[in-house]
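Residue-level structural notes
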Amino acid sequence: GGAAGGESWYLALLGLAEHFRTSSPPKVRLCVHCLQAVLPRKPPARMEARTHLQLGSVLYHHTRNGDQARGHLEKAVSPGAKIPQFEDVKFEAASLLSELYCQENSVDTAKPLLRKAIQISQQTPYWHCRLLFQLAQLHTLEKDLVSACDLLGVGAEYARVVGSEYTRIMWGDDCCCEFQLLLMERKLQEVHPLLTLCGQIVENWQGNPIQKESLRVFFLVLQVTHYLDAGQVKSVKPCLKQLQQCIQTISTLHDDEILPSNPADLFHWLPKEHMCVLVYLVTVMHSMQAGYLEKAQKYTDKALMQLEKLKMLDCSPILSSFQVILLEHIIMCRLVTGHKATALQEISQVCQLCQQSPRLFSNHAAQLHTLLGLYCISVNCMDNAEAQFTTALRLTTHQELWAFIVTNLASVYIREGNRHQELYSLLERINPDHNFPVSSHCLRAAAFYIRGLFSFFQGRYNEAKRFLRETLKMSNAEDLNRLTACSLVLLGHIFYVLGNHRVSLLQPCSSSGTHQGLSLSDLNKACGNAMDAHEAAQMHQNFSQQLLQDHIEACSLPEHNLITWTDGPPPVQFQAQNGPTTSLASLL
């Protein structure tokens, strides 16, 4: 056949490959076979490059065969014929290949590749913007915030030159860029005036509806995470509500109805489906901090279902990050509600996800050891808890996480009762009365609570009351319900010890299960309320029984051995083998 006939076999194989890729679930092996059948027939350079790109993409997204994916992507980016339609292939391959390098922790190989692609992509606005953004993200990962912001500045200037107001606003109208920099550097007090300014810029922008809502989601997510970072659970509510309404609006708009006229405007900071998961995620973060544990569970379930669907067609690394962060939050909720066995299985799930990606593990290793430390406290393995928290402190560079770990380690030392020297030096490092190391409202309130707990165990009741009242003042101001409940239980206990039974009975502590039953039983006995005392004792008995059964179940799981892991990547043998284990060897 002629040229057209020559192309038809290629198009037929491509169509078939795409059919297999988008099947539910994807038929990866058949898709790969179709694409591989193209190469021996020596297609024109453009087709060959595109086939290598597609093979690399399918292998990267749907299997664990990184070596083969890398081989194909490297062939797709290698200098080929200078065909205009060919450039897109090269840029997409460069973008994907640098993502793969980062997954393998080879950031230094990814950077020059992206720089070269940025250099030659100036005539292709969409890819130029996307590659600049990707390189900026790399610098951010390495905490090189100045380079990241310089690149965003370059992107904003380029967007101005090619007339893309939408991309310019998102990247860095200067104030937006400065705002992101302050957030990353944890200078939370300086963020507020910039937030207002960025909000006005977005609201005043006249553009197509999808882009306007996309910009609003972008800034509202930054705003909500800023408040949550600062531990301000009540102040965040209006922004969170706006964000939830915004994502509803976006899901009713159809992309194809309003295609932007400027190709640089096609650049989206995040696909619509990913935005939905992100909004669920910040809602879970809020519910967990505020102590709305059932709500946190509901939104986690929704988000995980959505993620499962997305991951069947798209293995973008950000989806695994979302999944890990969701699991981290729901694990804390499980531990608070006394579901230790489930928490342990979910910790094991996080281990499995981290095993699939070195970058994910290096970003979440400290959080993983922190969660194991919290689990150890819940099953009363204090030596292991101390080892886990010490490991987490060694691994973290994040100030808020550091303060959270130190607070929990202090609670371990208080329980052990014979670690006064270490305890005093820890408490000095998180002294809420002066030089508290982070600007988080929630962590400072927790530091007052830990002080109160220590004073209580030392029998210094008036001092304990002062600290606990500070906690109450702060937790009431920002709806930190769990801290409020814990402080009220402890205050009630102090009044009981001091013989002030009536005041003690007035302390409402409905969310504290076992402690509540025990305290109320003792109190009612002391006040001569036999019926109430019996009811409270019964409640205590029921809670204790549930917790004991759960404790036994958790400790008998093979994953319980994770509590001894303090070094290197997560051990394989402790995990339930139910994750995806597809490698190309088993596919072909």
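All of these numbers come straight from a predicted model, not from anything done at the bench. (Residues numbered from 1 in each chain as written. Predicted model: local features only at pLDDT ≥ 70, side-chain atom pairs only at ≥ 80, totals over all residues. Heavy atoms only, no water.)

**Quick word on the environment of Phe457**
- You can see Phe457 is positioned in helix 22 (residues 441-457).
- Residues Phe457 and Ile414, spaced 43 residues apart in sequence, show a C-alpha to C-alpha distance of 7.9 Å. (Helix = DSSP H or I, 4+ residues; strand = E, 2+ residues; numbered from the N terminus.)

**Overview of the nonpolar core**
- Formed by 79 residues in total, the largest nonpolar core has its most connected members in Ile331, Ile347, Leu368, Tyr375 and Phe389.
- In contact with Phe389, not counting residues within four places along its chain, are Thr370, Gly373, Leu374, Ile377, Ile405, Asn408, Leu409 and Val412.
- Leu39, Trp127, Leu132 and Leu138 belong to the second-largest nonpolar core, a separate cluster that totals 48 residues. (Core = buried A, V, L, I, M, F, W, Y, C linked by side-chain atoms within 4.5 Å. Buried < 20%, exposed > 50% of the residue type's maximum accessible area, 1.4 Å probe, protein only. Contact = heavy atoms within 4.5 Å.)

**Here's the deal with the packing of aromatic side chains**
- Applying the stated criterion across every chain yields a total of six aromatic pairs.
- Note on Tyr280 and Tyr299: the rings are 5.9 Å apart at their centroids and 45° apart in plane angle, and the pair reads as tilted. In this pair, Tyr280 is assigned in helix 14 (residues 272-290) and Tyr299 in helix 15 (residues 293-313), connecting sequence segments 19 residues apart.
- Measuring from centroid to centroid gives 5.6 Å for Tyr424 and Phe454, while their planes differ by 75°, and the two rings are edge-to-face. Residue Tyr424 is found in helix 21 (residues 420-429), and its partner Phe454 is found in helix 22; the two are separated by 30 residues along the sequence.
- Joined through ring pairs, the aromatic side chains of Phe456, Phe457 and Tyr461 make up one cluster. (Phe/Tyr/Trp six-rings, centres within 6.5 Å; stacked < 30°, edge-to-face > 60°.)

**Some thoughts on the packing of helix 21 against helix 22**
- Put simply, helix 21 and helix 22 touch, their axes get as near as 11 Å, and they point 150° apart. Judged by the angle between their axes, helix 21 and helix 22 are roughly antiparallel. Note on packing geometry: the crossing formed by helix 21 with helix 22 is left-handed. Across from His420, Leu423, Tyr424, Leu427 and Glu428 in helix 21, the residues of helix 22 making contact are Ile450, Arg451 and Phe454.
- Split into classes, the residues belonging to the contact of helix 21 with helix 22 amount to five nonpolar, one polar and two charged. (Axes fitted to C-alpha atoms, helices over the stretch in contact; angles between N-to-C directions. Parallel < 35°, antiparallel > 145°, perpendicular 65-115°, else oblique. Left-handed = near helix turned anticlockwise from the far one by under 90°. Nonpolar A, V, L, I, M, F, W, Y, C, P; charged D, E, K, R; others polar.)

**Examining the side chain of His128**
- Tracing the sequence through the fold places His128 in helix 7 (residues 125-141).
- Look at His128 and you get buried, because its relative accessible area is 3%.

**Let's talk about helix 13 (residues 237-252)**
- Between its terminal C-alpha atoms helix 13 stretches 23 Å, which fits the 22 Å expected from 16 residues at 1.5 Å a residue.
- Taken together, the buried positions of helix 13 are Cys239, Leu240, Leu243, Cys246, Ile247 and Ile250. The arc enclosing the buried residues of helix 13, seen along the axis, measures out at 120°, which places them on a common side. Facing away from the buried side of helix 13 by over 90 degrees, the exposed positions are Pro238, Lys241, Gln248 and Thr252. (Expected span 1.5 Å × (residues − 1). Arc of directions from axis to C-beta.)

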